[in-house]
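Spelled out from the first residue to the last, the chains are:
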Amino acid sequence: GSTMKPITVAAALDAGSIVPTSTYNDTGTITLDNKTISNFDGKARGVVSMQEVLSQSLNIGIAHIVQKMGTGVLRDYFERFGITEETGIDLPSEASPLVKNLESPRIVEYVTAGFGQGVAITPIAMARALATLANHGSVPQPHVGVELRYPGGVTKELGWSPPRAAVSPESAETVTRMLVTVVDEA
């Protein structure tokens, strides 16, 4: 679930809703639409930055970010990252993502999706979304080969989709640096 947090942070950075040094008051829990959401340990952190949202994997931080960004903006960015679609990888029977919650009028559905709960995507779809950050904000097209060879000598070259930007190169770079900080310091 928490692998979705960098995608949500990248979206908010790109939308101009936050900067890495933006802060919020982490109370440990929040109630939205009569549902209580907590950090993994239920503990409050006080005033913390967006870097700490990633460093400590704070669900309440993501709730703050989604509320600032707005549900429509989050849904739009999830679409840009390809979260709401199949990847089109050249393997049989790719599963469709389960993202119906992103059609709900309830903010709790978007907040929980922002930290990776209430939606389900394939591992390759998550890898593609995260690879978008490493690919300077451009969504890569996953493949397992360069061509398919069928019995009888028929060969089909695999094509690549035209480049599609999910976020700006600057937003992708900023989140990448934040994730390096998570690994190096947190």
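Structure: see above.
Residues numbered from 1 in each chain as written. Predicted model: local features only at pLDDT ≥ 70, side-chain atom pairs only at ≥ 80, totals over all residues. Heavy atoms only, no water.

Enquirer: Where do I start with the nonpolar core in this structure?
Expert: When a protein is soluble and globular, its nonpolar side chains tend to lie buried together. One finds Ile7, Val9, Ile65, Phe78 and Phe81 to be the most contacted residues of the largest nonpolar core, which totals 44 residues. Elements with a contribution of two residues or more to this core: helix H1 (5–15), helix H2 (50–55), helix H3 (59–69), helix H4 (71–81), helix H5 (107–114), helix H6 (123–134) and helix H7 (169–184). Apart from the residues within four sequence positions on either side, Val9 is in contact with Ile18, Leu54, Ile62, Ile65, Val175 and Met178. (Core = buried A, V, L, I, M, F, W, Y, C linked by side-chain atoms within 4.5 Å. Buried < 20%, exposed > 50% of the residue type's maximum accessible area, 1.4 Å probe, protein only. Helix = DSSP H or I, 4+ residues; strand = E, 2+ residues; numbered from the N terminus. Contact = heavy atoms within 4.5 Å.)

Enquirer: Mind showing me how you'd approach the packing of H3 against H5 here?
Expert: Taken N-terminus to C-terminus, the directions of H3 and H5 make an angle of 125°; their axes are 9 Å apart at the nearest point. Considered as vectors, H3 and H5 are oriented oblique to each other. The crossing of H3 and H5 is right-handed. Listed contacts from H5 to Ile62, Ala63, Val66 and Gln67 of H3 are Ile107, Tyr110, Val111 and Gly114. Residues of the contact of H3 with H5, tallied by class, amount to six nonpolar, two polar and no charged. (Axes fitted to C-alpha atoms, helices over the stretch in contact; angles between N-to-C directions. Parallel < 35°, antiparallel > 145°, perpendicular 65-115°, else oblique. Left-handed = near helix turned anticlockwise from the far one by under 90°. Nonpolar A, V, L, I, M, F, W, Y, C, P; charged D, E, K, R; others polar.)

Enquirer: What's the story with the side chain of Ser171 in this structure? I'm lost.
Expert: Structurally, the position occupied by Ser171 is in helix H7. Leaving out residues up to four positions away in the same chain, Ser171 has contacts with Ala10, Leu13 and Asp14.

Enquirer: I keep staring at H1 and nothing clicks. Help me out?
Expert: Helical periodicity: at 3.6 residues per turn, an α-helix aligns residues three or four positions apart in one direction. In terms of burial, H1 is largely enclosed, as nine of its 11 residues are buried. Next to the buried residues of H1 lie H2, H3, H4, H5, H6 and H7. Two residues or fewer past H1, Gly16 is found with a positive phi of approximately 80°.

Distances and angles like these do not, on their own, reveal function.
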